[in-house]
Amino acid sequence: MKKVEKGEFGYLAYKKSRNMIKTIIAFAVVLVIFIIGFIIWKSKNNYLTMLAVVLVLPAAKFAVSYFVLIPHKNCDEELKSAIEERKGELNYDLVVSNKQKPVGIMAAVISDNQILAYTSAAKADKNLFETSVKEFLKNEKLTCAVLLYKDKDTYLEKVKNAAL
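As the structure is a computational prediction, the values presented were derived from the model and not from experiment.

> So what's going on with the nonpolar core? Which residues, and what values?
A general tendency of soluble globular proteins is for nonpolar side chains to be buried together. By size, the foremost hydrophobic cluster in this structure holds 14 residues, and its most contacted members are Leu79, Ile83 and Tyr155. Secondary structure elements with two or more residues in this core: α3 (77–83), β1 (89–96), β2 (103–110), β3 (114–118) and α5 (152–161). With three residues, the single largest contributor to this core is β2. If we skip the residues at most four places from it in the chain, Leu79 touches Met106, Ala107, Tyr118, Lys152, Tyr155 and Leu156.

Here it is, written out as structure tokens:
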């Protein structure tokens, strides 16, 4: 599996598959340790059971990182090719977290004066995304316009006409 960096096309699919593999391996290790302890001592009251219980915590951490990414959709080839000709920094397959709820961003075009982001999630909170990103930028002493679009055609038109 070729490593995909954050913001590159295919990152979300890569991260989902990577986290799923980590989760499966972690829970398999826990199960194997528990079964070995049960086979050796013929009881679940042993040190290996205690070790298996402790190892559930990191396994659960891997599972949570996988389950957080599941509801977010990957950027498709059509959208990628439509915005690929734009100047500015292009980012794909992002999950932007904030204090309330993470927002999955399929594509973002970033320049010095604006961030144009697109999501296909109907339940994505536009206002929450825009204010949380602006707040983050303000903390870094940066300012720019932040816009989230839920309609693909409107987003592509805005990206096409934006002065980046």
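> Go over the pattern of salt bridges, please, and point to the residues and values.
Evaluation of the coordinates by the stated rule reveals four salt bridges. For the salt bridge of Lys99 with Glu135, the shortest nitrogen-to-oxygen distance reads 3.9 Å. Highlighted residues: Lys99 in the loop between β1 and β2 and Glu135 in helix α4 (residues 126–139), separated in sequence by 36 residues. The exposure class of Lys99 is exposed, given its relative accessible area of 76%. Note on Glu135: relative accessible area 43%, which makes it partly exposed. Through salt bridges that share partners, Asp76, Glu78 and Lys152 make up one connected network.

> Summarise α5; cite the residues concerned and give the values.
Here α5 has its buried residues at Lys152, Tyr155 and Val159. All buried residues of α5 project into a common sector of 65° when viewed along the axis, lining one side. Exposed residues lying more than 90 degrees from the buried face of α5 are Asp153, Lys160 and Asn161. Tucked inside the fold, the buried residues of α5 contact α3, β2, β3 and β4 (145–149).

> Lay out the packing of aromatic side chains in plain terms, naming residues and giving numbers.
As enumerated under the stated definition, the model contains five aromatic pairs in all. When the centroid spacing of 6.4 Å and the interplanar angle of 20° are considered together, the rings of Phe34 and Phe38 count as stacked. Taken as a pair, Phe34 and Phe38 lie in helix α1 (residues 11–41) at a separation of four residues, close to a single helical turn. Judged by relative accessible area, which is 31%, Phe34 ranks as partly exposed. The structure contains a cluster of three or more aromatic residues connected by ring pairs, namely Tyr118, Tyr149 and Tyr155. The ring centre of Phe9 lies 5.0 Å from the NZ or CZ of Lys80, which sits over that ring.

> Describe the packing of α1 against helix α2 (residues 47–69), listing the residues and the values that go with them.
Direction vectors running N to C along α1 and α2 enclose 165°, while the axes themselves pass 8 Å from each other. With respect to α2, the axis of α1 lies roughly antiparallel. α1 and α2 meet at a crossing whose hand is left-handed. In the contact of α1 with α2, the residues fall into 21 nonpolar, five polar and three charged.

What counts and what doesn't
Residues numbered from 1 in each chain as written. Predicted model: local features only at pLDDT ≥ 70, side-chain atom pairs only at ≥ 80, totals over all residues. Heavy atoms only, no water. Core = buried A, V, L, I, M, F, W, Y, C linked by side-chain atoms within 4.5 Å. Buried < 20%, exposed > 50% of the residue type's maximum accessible area, 1.4 Å probe, protein only. Helix = DSSP H or I, 4+ residues; strand = E, 2+ residues; numbered from the N terminus. Contact = heavy atoms within 4.5 Å. Salt bridge = Lys/Arg side-chain N within 4 Å of Asp/Glu carboxyl O. Arc of directions from axis to C-beta. Phe/Tyr/Trp six-rings, centres within 6.5 Å; stacked < 30°, edge-to-face > 60°. Lys NZ or Arg CZ within 6 Å of the ring centre and 35° of its normal. Axes fitted to C-alpha atoms, helices over the stretch in contact; angles between N-to-C directions. Parallel < 35°, antiparallel > 145°, perpendicular 65-115°, else oblique. Left-handed = near helix turned anticlockwise from the far one by under 90°. Nonpolar A, V, L, I, M, F, W, Y, C, P; charged D, E, K, R; others polar.

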